[in-house]
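# Fold and contact review
Chain by chain, the residues:
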Amino acid sequence: MRDFDAVVFDMDGIIFDSERAVLESWYVVADRHDLGDITEAFLACTGVNDRETKEIMLRRFGEDFPYDEYSKEASVIFHEKYDGGKLPMKIGVKEILTFLKDSGKKIALASSTRRPVVEAELRDAGVLDYFDELVTGDVVKKSKPDPEIYLLACEKIGVAPERCYAIEDSYNGVRSASGGGLKAIMVPDLLPANDEMKKLTESVQESLLDVIDYLKNE
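What this report covers is the structure whose coordinates are included nearby. Only a predicted model underlies this, so the values are computations on that prediction, with no experimental measurement involved.

To continue, consider the sheet that holds strand β2 (residues 106-111). What the six strands build is an open sheet, ordered β3-β2-β1-β4-β5-β6; its pairing is parallel. At either margin of the open sheet sits one strand with a lone partner, and together these are β3 (133-136) and β6 (203-204). Across two bridges, strand β5 (residues 183-186) lies against β6 in parallel orientation. Note that in β6 the partner of Met-186 across the bridge is Val-204. Sitting on the sheet, helix α5 (residues 93-102) touches β1 (6-9), β2 and β4 (164-168), and the angle it makes with β1 is about 155 degrees. Its contacts with the sheet place helix α10 (residues 208-216) against β1, β4, β5 and β6, and it is angled at close to 160 degrees to β4.

Taken as a whole and assessed by the stated rule, the structure comprises seven aromatic pairs. Between Phe-65 and Tyr-70, the aromatic rings sit 5.3 Å apart at their centres with planes inclined by 80 degrees, giving edge-to-face as the arrangement. The same class applies to Phe-65 as to Tyr-70, namely buried. Connected via pairs of aromatic rings, a cluster forms that spans Phe-4, Tyr-165 and Tyr-214.

Another aspect to go through is the pairing of β2. Within β2, five of the six residues are buried, which leaves it mostly tucked inside the rest of the structure. As defined by bridge partners, β1 adjoins β2 across four bridges and the pair is classed as parallel. Bridging across to β2, Val-7 finds its partner in Ile-107. With four bridges joining them, β2 and β3 adopt parallel strand pairing. By the bridge assignment, Ala-110 is partnered in β3 with Val-135.

As a further point, take the nonpolar core. Ranked by internal contacts, the top residues of the largest apolar core, which has 34 residues, are Phe-9, Ile-15, Leu-122, Phe-131 and Leu-215. Contributions of two or more residues to this core are made by β1, α4 (67-82), α5, β2, α6 (115-124), β4 and α10. Apart from the residues within four sequence positions on either side, Phe-131 is in contact with Phe-9, Ile-15, Leu-97, Ile-107, Ala-108, Leu-109 and Leu-122. Listed in part, the 24 residues of the second largest apolar core include Ala-108, Val-135, Ile-157 and Met-186.

Right, let's talk about the environment of Asn-49 for a bit. Among the structural elements, Asn-49 can be located in the loop between α2 (39-44) and α3 (50-61). Using a relative accessible area of 4% as the deciding quantity, one classes Asn-49 as buried. Between the C-alpha atom of Asn-49 and that of Asp-138, which follows or precedes it by 89 residues, the distance is 7.9 Å.

Moving on to the pairing of β5. Burial of the side chains of β5 extends over both faces: Lys-183 and Ile-185 are buried on one face and Ala-184 and Met-186 on the other. Sheet analysis places β4 next to β5, joined by four bridges and oriented parallel. In the sheet register, Ile-167 faces β5, and the bridge partner there is Ile-185. Considered for its hand, the β-α-β crossover made up of β4, helix α8 (residues 171-179) and β5 is right-handed.

What follows deals with the environment of Gly-104. For Gly-104, the location among the structural elements is in the loop between α5 and β2. For Gly-104, a relative accessible area of 64% translates into the label exposed. Along the backbone, Gly-104 and Lys-183 are 79 residues apart, and their C-alpha atoms lie at a distance of 18 Å.

This part is about the side chain of Thr-113. Considering the arrangement of structural elements, one finds Thr-113 in the loop between β2 and α6. Leave out the neighbours within four places in its chain, and Thr-113 touches Met-11, Asp-12, Val-118, Thr-136 and Gly-137.

Bringing the pattern of salt bridges into the picture now. Throughout the structure, instances matching the rule amount to 16 salt bridges. Its salt-bridge partner being Asp-10, residue Lys-144 comes within 3.1 Å of it at the nearest N-O pair. Of this pair, Lys-144 sits in the loop between β3 and α7 (148-157) while Asp-10 is found in the loop between β1 and α1 (18-32), placing the two residues 134 residues apart along the sequence. Each member of the pair, Lys-144 together with Asp-10, is buried. In this structure, Asp-189 engages Lys-90 in a salt bridge whose closest nitrogen and oxygen atoms are separated by 2.9 Å. Here the residue Asp-189 occupies a position in the loop between β5 and α9 (195-200), and Lys-90 occupies one in the loop between α4 and α5, the gap between them amounting to 99 residues. Taking relative accessible area as the criterion, Asp-189 reaches 13% and is therefore assigned buried.

Parameters at a glance
Residues numbered from 1 in each chain as written. Predicted model: local features only at pLDDT ≥ 70, side-chain atom pairs only at ≥ 80, totals over all residues. Heavy atoms only, no water. Pairing = 2+ DSSP bridges. Helix = DSSP H or I, 4+ residues; strand = E, 2+ residues; numbered from the N terminus. Contact = heavy atoms within 4.5 Å. Axes fitted to C-alpha atoms, helices over the stretch in contact; angles between N-to-C directions. Phe/Tyr/Trp six-rings, centres within 6.5 Å; stacked < 30°, edge-to-face > 60°. Buried < 20%, exposed > 50% of the residue type's maximum accessible area, 1.4 Å probe, protein only. Core = buried A, V, L, I, M, F, W, Y, C linked by side-chain atoms within 4.5 Å. Right-handed = clockwise from strand over helix to strand, strands pointing away. Salt bridge = Lys/Arg side-chain N within 4 Å of Asp/Glu carboxyl O.

Geometric descriptors of this kind do not, in isolation, establish any biological role.
What follows is the structure, encoded as structure tokens:
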């Protein structure tokens, strides 16, 4: 097995197939309000927290864009459809969490999503108890791609960043983990691994099952 002490996971796009679900919710809002194709704007927001998302959207659509109103609409659509354990999990989640627990590794989460949502979604999916620590977007001053959230996660589990792997799907997430000195593994979701990502990561894997194989083999 590779030499490491902990793994820090992103949540949206890694634990849950939620990036796609949120995008679909925004498509409904865009259709209602004639916003046109919002895919590019949405992808620019992947991995960042609510505050940074709002700033990106205002830069894209103008300062008078009613982001708060539309965001609430998209949130209602999302939660009506996916609350109560209906949010689809990515392939290999329980397998990799079980593998890490059985191997005595620490497990943390570094998600830009707010803590109440993170806890509810992990609890509904039956995986909350696997995590030693949760660090969420509402407790850090700077959003990904700043490394603050990953450094705080390492601090909370008492493991040096260089002894941790980080598993991410978004460009901003990979930048955050790599900038903090963690060994980043990218499992692409909505965005493919471009040249920058290949340079910043230790490895790019297709699924969490492939990540297990990677961690097992030196």
